[in-house]
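Secondary and tertiary structure notes
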Amino acid sequence: LKMFWFWFYQPLHLLMVACLCHSIKAPTTSSRQTFNTNLFNFYHSLILADGKETTVHLLKDIPKRYYFALEEGRALAPFTITVTPCDVPIEWSILVHKASASFLGKAERGDHGTQEISIFQKAPSMVSTIFNYKGNSVETYMGMSSPSALYMLEFLSTERDTHITVYLTTDTSGHLYPELPMDPRIDVIGIGHTTVTLTWKHSPSVLQHRDNIQYCLLVNEKHNYKSLCAAETAIRSSGMKLPPTLALSLSPYLLEPQQVMILSNNELSIINRVSSGEVRQICIGTKNTYTVPNLSPSTQYYFDVFVVNLLTNASAAYTGTFARTLEEPEPKVRELKDGKMIQVVLDGKKQKFYSLQYQARHKKIQFTFQLCRGQVQVHITKNGKPVASENISGLRYFSLKGKLLDSYLVQLSSTEESNSSVKVQVSTHFHKPLFPLLPESLKIKSFSKLRTCNSVTIAWLGTQEKSKYCVYKKKIEEHQVWMELQSADRCSGPESRPKSEKVLCKYFYDVNLQRAVTTEAIKGLDAGTLYLFDVYLFGPSGIPIRYHSKIVKTRKKC
């Protein structure tokens, strides 16, 4: 095998063997390790491709080495190496090995025997470190290479397993990575309660290749990212998948349930919902000024701009910036009118109180709260003194006694990070209830033993009052379950649903609450399929109450 390899390669490659076989020191910070000293190891070493971006996976505390040399016959020539860390800081170095010219002459005159291989292994060479770096920034080295030199790149991660990208090129005419302007900073030129306006200097690549280059903006609440690769790694590490490097190109990638894609005015926005908040990717074409909308008041955001080559997916990062949106002015106290229902949307991130005021025209009044989404805390004061405080769920009534012209203040706040919403009504007409009489529980039950390939049986409780109940079904996928249950608006009625989802409507009641229960066998379903079932209860006023959704899967085989 050694003899075949020896005859096959040109003298330059023999020189590479000689350099590798000579014992040298490696440039890690923890210790200076030696290169392998036999031909077999070189034969299986990693050669870095010219003109191609290479992804390198690093294991913690284990150095990885790549080699490269110019093609035979080339004189002194420039070369460029760009290394992009995609997560934690790494250490990397460039070593050069040069053999003496007299030895190179001997190699060309040899008879390719075993004796010559031994001479190569003893060949005089010089080894020197020409560059080293430690950090997580994108770093580029530019140098001149000669045909008698062999180069080695060594990479090391001391924090954890990670990956990087490496790009080597000897072609000075083209650019894989888009160019940055002389001043790559992002300037904040406007701040509002829910918007931030940014501007930056144009990339020379945009001016030269407008059709193939575009700007993409990354917005998050955690920190700036030094590369697009690092941003994607951070999003993936939160436990979710991400479209290929850029959903940034306008390709119709399939999104995960935690992702939302918005395309408007030729701008593509992808919102990744992760545990630490939202990460937004916005591609805006070749505009270099942009107003970021739909931000939360009094929140610090970090902004990164990447100029992206759509043909290669390669990108370059501007210097990131940050800004804090203006604090939202305290909301005015809203007046409640007798008998009129209003809906309030609450921002869970800020825990701000939403205030409602009511002046009593009767001694007895009743507050009604219907929770639509999330969790809401209600705090009621009368003439400045607390009279009720509770976390509500579903439908809740507060009946209060007082004097004429008593002043009531209702404060609402969300107890979840996500937005919540609630409907509120105050009334003095107890004999005209807005909502129907409710059963003891709003849960829907399914019977596993009665489940078949094309039918399921569900049951729910009723009341002593004759009421109308409507059943709806919806076919869903496994990955949609969490989103369907979390995003359900419990205040919305069946009028918002397609007619095809309606199963039936029926009336029933029973004076004996122990027997006020009904069952329904729903047929014509598909085998092995998930269905979401909803029951709506209608009272005299026509306002529906939605039972808690129930998800049932039909049997695969019967």
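Residues numbered from 1 in each chain as written. Predicted model: local features only at pLDDT ≥ 70, side-chain atom pairs only at ≥ 80, totals over all residues. Heavy atoms only, no water.

Our focus in this paragraph is the environment of S393. Note on placement: S393 falls in the loop between β24 (385-392) and β25 (395-401). Taking the C-alpha atoms as reference points, S393 and Q370, 23 residues apart in sequence, are found 7.7 Å from one another. Among all residues touching S393, those that are not within four sequence positions of it are L371 and Q375. (Helix = DSSP H or I, 4+ residues; strand = E, 2+ residues; numbered from the N terminus. Contact = heavy atoms within 4.5 Å.)

An order of β1-β8-β3-β6 is seen for the four strands of this open sheet, with the pairing classed as antiparallel. Edge positions in the sheet fall to β1 (52-58) and β6 (139-145), since each has one partner strand and no second. Direction aside, neighbouring strands of the sheet carry axes that sit 20 degrees apart on average. By the bridge criterion, seven bridges tie β1 to strand β8 (residues 162-169) in an arrangement that is antiparallel. Along β8, the bridge assignment pairs T55 with T165. (Pairing = 2+ DSSP bridges. Axes fitted to C-alpha atoms, helices over the stretch in contact; angles between N-to-C directions.)

Moving on: the state of the cysteines. With the rule as written, the count across this model stands at five disulfides. Here C216 pairs with C283 through a disulfide, and the sulfurs are 2.2 Å apart. Because the torsion about its S-S bond is 105 degrees, the bridge between C216 and C283 counts as right-handed. Of this pair, C216 sits in strand β11 (residues 213-220) while C283 sits in strand β14 (residues 277-285), placing them 67 residues apart in sequence. Of the residues examined, C216 reaches a relative accessible area of 2% and is grouped as buried. With a relative accessible area of 2%, C283 lands in the buried category. Shown here is the disulfide that connects C470 with C505, its sulfur atoms set 2.0 Å apart. Judged by the torsion about the S-S bond (110 degrees), the C470/C505 disulfide is right-handed. With C470 in strand β30 (residues 467-476) and C505 in strand β31 (residues 502-508), this residue pair connects regions lying 35 residues apart in the sequence. (Disulfide = S-S within 2.5 Å. Buried < 20%, exposed > 50% of the residue type's maximum accessible area, 1.4 Å probe, protein only.)

Within the structure shown, the criterion is met by 21 aromatic pairs. Through successive ring pairs, a cluster of aromatic residues spans Y66, F68, F79, W92, F131, Y141, Y151 and F155. The side chain of R396 reaches across the aromatic face of F398, ending 4.4 Å from its centre. (Phe/Tyr/Trp six-rings, centres within 6.5 Å; stacked < 30°, edge-to-face > 60°. Lys NZ or Arg CZ within 6 Å of the ring centre and 35° of its normal.)

Taken together, the four strands give an open sheet; going across it, the order is β20-β27-β22-β25, and neighbouring strands pair in antiparallel fashion. Each edge of the open sheet is held by one strand with a lone partner, namely β20 (342-346) and β25. Neighbour to neighbour, the strand axes of the sheet diverge by 25 degrees on average, direction disregarded. Summarising the sheet, β20 and strand β27 (residues 420-427) pair through five bridges and their orientation is antiparallel. Of the residues in β27, the one forming a bridge with V344 is V422.

Take the confidence of the model for the chain next. Per-residue confidence for the chain gives a mean pLDDT of 79; residues scoring 70 or more make up 76%. Within the model, pLDDT remains below 50 along residues 101-124, and this stretch shows 30 contacts once partners closer than five positions in the same chain are excluded. Note on residues 240-266: pLDDT under 50 across the span, and 67 contacts to partners over four residues away in sequence or across chains. (pLDDT = per-residue confidence, 0-100.)

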